[in-house]
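# Fold and contact review
Below, each chain spelled out in residue letters.
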Amino acid sequence: MHLTLFYDGMCPLCQKEMQHLIKYNTAKHLAFVDIMDPDFSKQYPHLDWDALNNRIHGEFSDGRIVTGLDCTYWAWKLVGKGWVYAPLRWPVICWFADRAYNIFAKHRYKISYWLTGQERCPRCELKNQ
């Protein structure tokens, strides 16, 4: 199974999570695509950039799309650490976690600033693996 992650490369917290995923991606089940790349829309014309900018998305090799915490869960599961996010997909907890994620995604630059002192990350170089 292979999952391509579409993430916001200008968000410091998003960058940090991708760096951790890259470290654990030894089996190469994940690919990483920065939606802020100037050529993104040319390379992925079938995807809605505004939707991707509102929350993390992933596309499986069979074309299925996952978003939000479902995407995050699958990414971590594919690197062998799904147990970290599994409780956020349990019934009842899932409802609250998804709402909290939506608030985070909408305000990610402000939250990043509060936590890191950086509102937007200068282009960090992540290796596509």
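Heads up: the structure comes first, above all this text.
The rules behind each value
- Residues numbered from 1 in each chain as written.
- Predicted model: local features only at pLDDT ≥ 70, side-chain atom pairs only at ≥ 80, totals over all residues.
- Heavy atoms only, no water.
- 1 Å grid on protein atoms, 1.4 Å probe; cavity = no way out; pocket = protein on both sides within 12 Å on 5 of 7 lines; lining within 4 Å.
- Points joined across faces, edges and corners; volume = space filled by probe spheres on them.
- Helix = DSSP H or I, 4+ residues; strand = E, 2+ residues; numbered from the N terminus.
- Nonpolar A, V, L, I, M, F, W, Y, C, P; charged D, E, K, R; others polar.
- Contact = heavy atoms within 4.5 Å.
- Buried < 20%, exposed > 50% of the residue type's maximum accessible area, 1.4 Å probe, protein only.
- Polar contact = N/O pair within 3.5 Å; in protein donor to acceptor, adjacent residues only side chain to side chain.

What follows is about the layout of surface pockets. Volume-wise, the largest pocket comes out at about 330 Å³. Forming the walls of the largest pocket are 21 residues, and the residues nearest its centre are C14, E17, I56, Y101 and F104. If you list the elements that add at least two residues to the lining of the largest pocket, you get β1 (3-7), α1 (12-24), α3 (49-54), α4 (68-78) and α5 (93-106). Its residues assigned to classes, the lining of the largest pocket shows 14 nonpolar, 3 polar and 4 charged.

Bringing the environment of Y24 into the picture now. Assignment of secondary structure puts Y24 in helix α1. Residues Y24 and K81, spaced 57 residues apart in sequence, show a C-alpha to C-alpha distance of 8.7 Å. The contacts of Y24, once residues within four sequence positions are left out, are W76, V79 and K81.

Within the secondary structure, D34 is located in strand β2 (residues 30-34). By relative accessible area, D34 is classed as buried at 13%. Polar contacts involving the side chain of D34 include one to the main-chain amide nitrogen of G9, which spans 2.9 Å. A polar contact of 2.7 Å, which involves the side chain of D34, links it to the backbone nitrogen of M36.

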